[in-house]
Amino acid sequence: ILAITRRHPVYVHSKMMIVDDEVACIGSANINQRSLDGCRDSEIMTTYWHEDYLATDESIPHHDIHGYRLHIWASLAGFMDNSFRKPNDRECVKLMNSI
């Protein structure tokens, strides 16, 4: 059927990175020759941040990206735990390492 329709299967291998609950990068981009060549793989990536909600020495931001991370962690863990709100606390690290 591929020869008739000239369609090819699409494979998406996506990545996500959340930094300090203030920046989220989501996409398929890789750091390798195939991705950076410009003539082979098609890659896309988007970055989100909200300039009014940036981290400080005293606190992490509590806006959309923070909520997104909480949702992801609750989905991965299978439950929501209050310790997820402070990812740098020992209680949260211990809980996430036990999963």
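Anyway, here's the lowdown on the structure attached to this text. Here the structure is a predicted model, which means the values were calculated and not measured.

### Here we look at the sheet that holds strand β3 (residues 45–49)
Part 1: If you trace the three strands from one edge of the open sheet to the other, you get β1-β2-β3, paired in antiparallel fashion. Looking along the sheet, the strands with just one partner apiece sit at the ends: β1 (15–19) and β3. Here the average twist between neighbouring strands, direction ignored, is 10°.
Part 2: Two elements, β1 and strand β2 (residues 23–27), share five bridges in a ladder whose sense is antiparallel. Pairing of M17 across the sheet is with C25, part of β2.
Part 3: Sheet strands in contact with helix α3 (residues 64–77) are β1, β2 and β3, and its direction is about 125° off that of β1.

### Quick notes on the pairing of β2
Part 1: The hairpin turn running from β1 into β2, its antiparallel successor, is three residues long, and D20 in that turn takes a positive phi close to 55°.
Part 2: Across five bridges, the pairing between β2 and β3 is antiparallel. Paired with I26 across the strands is T46, a residue of β3.

### What about the pattern of salt bridges?
Part 1: Applying the stated criterion across every chain yields a total of one salt bridge.
Part 2: One salt bridge connects D21 with R69, and the closest N-O pair in it is separated by 2.5 Å. A residue pair is termed long-range when its members are at least 10 positions apart, and D21 in the loop between β1 and β2 and R69 in helix α3 qualify at 48 residues. Each of the two residues, D21 as well as R69, counts as buried.

### Quick look at unusual backbone geometry
Part 1: The backbone of D20 sits at a positive phi, close to 55°, despite the residue not being glycine.
Part 2: With respect to the helices and strands, the residue D20 is situated in the loop between β1 and β2.
Part 3: Here D21, not a glycine, exhibits a phi torsion of approximately 55°, which is positive.

### Some thoughts on empty space enclosed by the protein
Part 1: By the definition in use, this model includes one cavity of 30 Å³ or more.
Part 2: Considering only enclosed or pocket space, the largest cavity measures out at about 40 Å³ in volume.
Part 3: As for the largest cavity, its lining consists of D21, E22, H50, Y53, P61, H63, D64 and I65.

Rules behind the numbers
- Residue indices begin from 1 for each chain and proceed along its sequence in written order.
- With the structure being a predicted model, the display of local features is reserved for residues of pLDDT at least 70 and the display and counting of side-chain atom pairs for 80 or more, all residues being used for whole-chain, interface and lining totals.
- For side-chain calculations, the full set of non-hydrogen atoms in the structure is used, while hydrogens and water are omitted.
- Strands pair, by our definition, only if DSSP identifies at least two bridges between them.
- In this text, helices come from DSSP runs of H or I with a minimum length of four residues, and strands from runs of E with a minimum of two, each type numbered from the N-terminal end.
- Each axis is a line fitted through C-alpha atoms, taken for helices only over the stretch in contact, and angles between the N-to-C directions span 0 to 180 degrees.
- In what follows, residue pairs with any heavy atoms lying within 4.5 Å of each other are defined as contacts.
- We define a salt bridge as a contact between a side-chain nitrogen of Lys or Arg and a carboxyl oxygen of Asp or Glu at a distance within 4 Å.
- Working definition: with a 1.4 Å probe on protein chains only, accessible area under 20% of the residue-type maximum means buried, over 50% means exposed, and in between means partly exposed.
- Definitions used for this entry: grid spacing 1 Å over protein atoms alone; cavity, a set of points where a 1.4 Å probe fits but cannot get out; pocket, an open set with protein on both sides within 12 Å along at least 5 of 7 lines; lining residue, one with an atom within 4 Å of a point.
- Grid points are joined across faces, edges and corners, and a volume is the space filled by probe spheres set on the points.

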